[in-house]
Amino acid sequence: MLIKNDGTQTEIPSDFLSKATEFCKSMGCSSVIYDIYDPQDSEHTELTVTDCGYAE
């Protein structure tokens, strides 16, 4: 689940990776970082998407 700026959670849409990659390229950055909720990990989790479409 993505964590929005207001702290609420929303499903990760199916086109998320392509839109995040496009956003990154349009902003001229090498990567963007999103806060996500992982029910298997109680620690703070981040998802990094790079301008070449790689996510980790």
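Peer 1: Give me the overall build of the chain: which residues, what numbers.
Peer 2: Regarding its fold elements, the chain presents 1 helix and 4 strands. Counting helices and strands in the order they occur from the N terminus, the chain gives β-β-α-β-β. Here the C-alpha coordinates of the chain stretch approximately 30 × 20 × 15 Å along the principal axes. Buried positions account for 20% of the 56 residues belonging to the chain. Counting only contacts in the chain whose residues sit at least 6 apart along the sequence, the fraction spanning at least 24 positions is 33%. As displayed, the chain offers around 4200 Å² of accessible surface, 49% of which is attributable to carbon and sulfur atoms.

Peer 1: Kindly report on the environment of Cys-29, identifying the contributing residues and their values.
Peer 2: Looking at the element boundaries, Cys-29 is found in the loop between α1 (16-27) and β3 (31-38). Distance in space between the C-alpha atoms of Cys-29 and Thr-50 is 8.4 Å, their sequence separation being 21 residues. Apart from the residues within four sequence positions on either side, Cys-29 is in contact with Cys-24 and Asp-51.

Peer 1: Residues and numbers for the pattern of salt bridges, please.
Peer 2: Summed over the entire model, instances satisfying the criterion amount to 1 salt bridge. With its nearest N and O atoms 3.4 Å apart, the salt bridge here joins Lys-19 to Asp-15. The exposure class assigned to Lys-19 is exposed, which follows from its relative accessible area of 54%.

Peer 1: Describe the pairing of β3, and please don't skip the residues or the numbers.
Peer 2: Taken together, the 7 bridges between β3 and strand β4 (residues 41-50) define a ladder with antiparallel strand orientation. Note that in β4 the partner of Ile-36 across the bridge is Thr-45. Connecting the antiparallel pair β3 and β4 is a turn made up of 2 residues.

Peer 1: Would you mind going over the packing of aromatic side chains in detail, with residue names and values included?
Peer 2: Enumeration over the complete set of coordinates arrives at 1 aromatic pair. Ring plane angle 70 degrees and centroid distance 5.0 Å describe the contact between Phe-16 and Tyr-34, whose orientation is recorded as edge-to-face. Of this pair, Phe-16 sits in helix α1 while Tyr-34 sits in strand β3, placing them 18 residues apart in sequence. The exposure class of Phe-16 is buried, given its relative accessible area of 12%.

Thresholds applied
- Residues numbered from 1 in each chain as written.
- Predicted model: local features only at pLDDT ≥ 70, side-chain atom pairs only at ≥ 80, totals over all residues.
- Heavy atoms only, no water.
- Helix = DSSP H or I, 4+ residues; strand = E, 2+ residues; numbered from the N terminus.
- Buried < 20%, exposed > 50% of the residue type's maximum accessible area, 1.4 Å probe, protein only.
- Contact = heavy atoms within 4.5 Å.
- Areas by Shrake-Rupley, 256 points an atom, 1.4 Å probe, with all protein chains shown as cover.
- Salt bridge = Lys/Arg side-chain N within 4 Å of Asp/Glu carboxyl O.
- Pairing = 2+ DSSP bridges.
- Phe/Tyr/Trp six-rings, centres within 6.5 Å; stacked < 30°, edge-to-face > 60°.

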